[in-house]
Amino acid sequence: MQATPLPLRMTMNPATMTGLEIMQAFAAGKIPRAPISETIPMDPDTVEEGRVVFIATPDKRHTNPLGGVHGGFAATVLDSVTGCATHTVLAAGESYGTTDLNIKMCRPLTFDKAYRAEGKVINRGRNLVISEGRIVDEEGKLYAHATCTCMIVAPRDRKSTRLNSSHLKYLV
């Protein structure tokens, strides 16, 4: 009798996976989606180093007080694609936090229309990642654009190796 392999989601250890590996597993359905994707429908289309593409579709749940698509829909999608693009360039154990997100709305989104949201890393430094995001329609018309800065958070064990006894006087 052959042993049944464990489901992949049970055998993965995100602490040992690079950000790209985590994002690829997410896109392949091997790890659970973030709950925000239930509120703001976003489906991964492409995941590669430094770049992600999601398909996002606003619906009536995203109505603003004036009856159109709320700007928060585009803002959340752009935050997601710029953050996920950032995630693809992180080493195993690293995480990140958004420190700045600048969004420009170019034209209103419409309900029940699928949009292509792309996030790309512009620069990865030691402590910061800068990325940009775009929401376009099937013809490539720009609806919203964002720039984002994320701070890289090193794993705890790596942080501790940065300090030596000469730094102890500053910790008091």
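Everything here concerns the structure above.
Presented here is a report on the structure given in the accompanying data block. (Residues numbered from 1 in each chain as written. Predicted model: local features only at pLDDT ≥ 70, side-chain atom pairs only at ≥ 80, totals over all residues. Heavy atoms only, no water.)

Take the nonpolar core next. Of all hydrophobic cores here, the largest spans 30 residues; its most connected members are V52, F54, F73, V77, L109 and I135. Those elements that provide at least two residues to this core are α2 (19-27), β1 (42-48), β2 (51-56), α4 (71-87), β4 (115-124) and β6 (142-153). By residue number, the principal contributor to this core is α4, which donates seven residues. Discounting residues that sit within four places of it in the chain, V77 has contacts with I40, M42, A56, A117 and I135. (Core = buried A, V, L, I, M, F, W, Y, C linked by side-chain atoms within 4.5 Å. Buried < 20%, exposed > 50% of the residue type's maximum accessible area, 1.4 Å probe, protein only. Helix = DSSP H or I, 4+ residues; strand = E, 2+ residues; numbered from the N terminus. Contact = heavy atoms within 4.5 Å.)

So, about α4. Here α4 spans 24 Å end to end across 17 residues, near enough to the 24 Å set by a 1.5 Å rise per residue. Counting buried positions along α4 gives twelve out of 17 residues, so the element sits mostly inside the fold. (Expected span 1.5 Å × (residues − 1).)

What follows concerns the state of the cysteines. Two cysteines whose sulfur atoms are joined by a covalent bond form what is called a disulfide. Per the counting criterion, the structure on display carries zero disulfides. Between C148, a free cysteine, and C150, which holds the nearest cysteine sulfur, the sulfur-to-sulfur gap is 3.7 Å. (Disulfide = S-S within 2.5 Å.)

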